[in-house]
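Next come the chains, spelled out residue by residue.
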Amino acid sequence: MRTQCNPSRFISNSMQKVPPSGIRKFFDMASGSEDVISLGVGEPDYVTPWHIREACIHSIEHGETSYTSNYGLMELREEISRSYVKRHGVYYDPEEEILVTTGVSEALDLAIRAITNPGDEIIVVQPSYVAYVPSVIFAGGVPVTIGARGENDFKITAAEIEAAITNKTKAVIINYPNNPTGATIGKDELEAIADVIVEHDIMMISDDVYERLTYEGTHTCFSALEGMRDRTIMLNGFSKAYSMTGFRMAYAMAAPEIINSMMLIHQYSMLCAPITAQVGAIEALRNGEEEVGKMVREYDRRRKLIVGGLNDLGLDCFNPRGAFYAFPSIKSTGLTSDEFAERLLHEQNVVTIPGDIFGDTGAGYLRCAYAASREDIKEALDRIGTFVDGL
Ligand SMILES: Cc1ncc(COP(=O)(O)O)c(C=O)c1O
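Residues numbered from 1 in each chain as written. Predicted model: local features only at pLDDT ≥ 70, side-chain atom pairs only at ≥ 80, totals over all residues. Heavy atoms only, no water.

A. How the structure looks around the environment of Tyr-299. Residue placement: Tyr-299 occurs in helix H11 (residues 289–312). Given a relative accessible area of 0%, Tyr-299 falls into the buried group. Apart from the residues within four sequence positions on either side, Tyr-299 is in contact with Pro-44, Asp-45, Tyr-46, Leu-213, Tyr-215, Phe-324, Tyr-370 and Ala-371. (Helix = DSSP H or I, 4+ residues; strand = E, 2+ residues; numbered from the N terminus. Buried < 20%, exposed > 50% of the residue type's maximum accessible area, 1.4 Å probe, protein only. Contact = heavy atoms within 4.5 Å.)

B. Focus on the packing of helix H3 (residues 50–61) against helix H10 (residues 275–287). At a minimum axis distance of 8 Å, the contact between H3 and H10 shows a crossing angle of 140 degrees. Here H3 is positioned oblique relative to H10, judged by the angle of their axes. The two elements H3 and H10 cross, and the hand of that crossing is right-handed. Facing H3, whose interface residues are His-51, Ile-52, Ala-55, Cys-56, Ser-59 and Ile-60, H10 presents Thr-276, Val-279, Gly-280, Glu-283, Ala-284 and Asn-287. (Axes fitted to C-alpha atoms, helices over the stretch in contact; angles between N-to-C directions. Parallel < 35°, antiparallel > 145°, perpendicular 65-115°, else oblique. Left-handed = near helix turned anticlockwise from the far one by under 90°.)

C. Broad picture of the sheet that holds strand S8 (residues 250–253). Reading across from one edge, S2-S8-S7-S6-S5-S3-S4 is the order of the seven strands in this open sheet, with mixed pairing throughout. Each edge of the open sheet is held by one strand with a lone partner, namely strand S2 (98–101) and strand S4 (142–147). Neighbour to neighbour, the strand axes of the sheet diverge by 20 degrees on average, direction disregarded. Across the sheet, helix H5 (residues 103–115) lies against S2, strand S3 (121–126), strand S5 (169–174), strand S6 (203–207), strand S7 (232–237) and S8, angled at about 165 degrees from S7, the strand it touches most. Across the sheet, helix H9 (residues 256–269) touches S2, S6, S7 and S8, and the angle it forms with S2 is around 30 degrees. (Pairing = 2+ DSSP bridges.)

D. Representation of the environment of Glu-96 in the model. Among the secondary structure elements, Glu-96 is positioned in the loop between helix H4 (74–88) and S2. Sequence separation between Glu-96 and Glu-151 is 55 residues, and the spatial gap between their C-alpha atoms is 42 Å.

E. Geometry of the nonpolar core. Ranked by internal contacts, the top residues of the largest apolar core, which has 125 residues, are Ile-193, Phe-222, Ile-233, Phe-238, Ile-306 and Phe-340. What Phe-340 contacts, discounting residues up to four positions off in sequence, is Leu-315, Ile-330, Thr-333, Leu-335, Leu-366, Ile-384, Phe-387 and Val-388. (Core = buried A, V, L, I, M, F, W, Y, C linked by side-chain atoms within 4.5 Å.)

F. Quick look at the sheet that holds strand S12 (residues 366–369). On the basis of which strands lie adjacent, the open sheet formed by three strands has the order S9-S12-S11 and antiparallel pairing. Every interior strand has two partners, whereas the edge strands, strand S9 (325–326) and strand S11 (353–354), have only one. Pairing between S9 and S12: two bridges, direction antiparallel. By the bridge assignment, Tyr-325 is partnered in S12 with Ala-369.

G. Structural detail: the side chain of Thr-68. Tracing the chain through its elements places Thr-68 in the loop between H3 and H4. By relative accessible area, which is 11% here, Thr-68 ends up buried. There is a polar contact of 3.1 Å between the side chain of Thr-68 and the side chain of Gln-278. If sequence neighbours within four positions are ignored, Thr-68 has contacts with Leu-73, Cys-272, Ala-273, Ile-275 and Gln-278. (Polar contact = N/O pair within 3.5 Å; in protein donor to acceptor, adjacent residues only side chain to side chain.)

H. Just unusual backbone geometry, in detail. The amide bond that connects Gln-126 to the next residue, Pro-127, takes the cis arrangement and shows omega of 0 degrees. Secondary-structure assignment places Pro-127 in the loop between S3 and helix H6 (132–138). Omega for the bond connecting Tyr-176 with Pro-177 falls within 30 degrees of zero, at -10 degrees, which places this linkage in the cis form. Within the secondary structure layout, Pro-177 lies in the loop between S5 and helix H8 (187–199). Residues other than glycine seldom take positive phi values, yet Asp-153 does so here, at roughly 50 degrees. Tracing the backbone shows Asp-153 in the loop between S4 and helix H7 (158–164). At Ser-243, a position not held by glycine, the phi torsion is positive, near 55 degrees. Here Ser-243 lies in the loop between S7 and S8.

Take it as geometry only, folks, not as evidence of what the structure does.
Written out as structure tokens, the structure is:
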């Protein structure tokens, strides 16, 4: 008789180091309940603009159903290149410095794998998107987390980055406007960080997926800073600004050597991004400005509504200048982030995400996504008020 197989014996060591996402727990708790208002998901509540969907439909009607170049359609890479020249004055060669990927999620994985040797340290600035630390672990690297602090409006300083650098450090990952805090960071502060990156001869991975959702001030593109173009792997995509999460469309831009290594992994694991979604992305870049403008203006109204509302309830909330997240402190209630979010869900049917899921300095905060209608935001604020009053 053959012996029974124990599948868990085959799981790799690196997989065993990765905990499940803490966000999932809250979705699981909320699923099945009625009358739930969700400030949980980090996803636009808009359907993709019609002209983008229509371009995809036409493309299928015309029989565009094949693979594309591993790098992505040249037409799309040219549009991406033009958009960066126009917005930030930085040029990437569409031939060899741009790779079209299936979401920033894939671009992030490729970027880290392309530069990481086993044991290399990658500094992750937290509170941060939950995929950064696992992506470093999957690549055999060592994530070194450092915390941006609420007292500094969740901006990391050059000195804080420098203090974490060792002779094993390969790169730093930053994300502004930030998920989960909505924080942005100014040009001067980024320039100081750029000096540290050069001095220690390391790279920057900059996740700019929320770039277009900047409501106050202007977004500084890290690779546009002097001397930073070839030291930066720039990640950006269509999910948030164009409300195209389901299309899985994004891109990475970097020096040819880096893009070539990322492309090799992509070539063997993904081959290419889906052609239909690439056609949609071309349409988004060519004709999407008006719709982006409309969505951004509406998010801005919601931002003011929720931040003002939370402050009125005594939940101190700094002014997030980008993305679609408010990150109020709940320290005055005496509850932990987890207790607050769990009780708010059970007692008032409002989904929020505890801040410490995104890193230690998020403890005592709550992520409230305002990619929800103004009516829902008002109702959520009423319910949060009732909850806080009853504590
Ligand atoms: C900071 C950040 N980076 C990347 C992603 C993933 O984006 P994509 O849909 O392009 O994979 C998200 C999604 O929430 C995010 O918040």
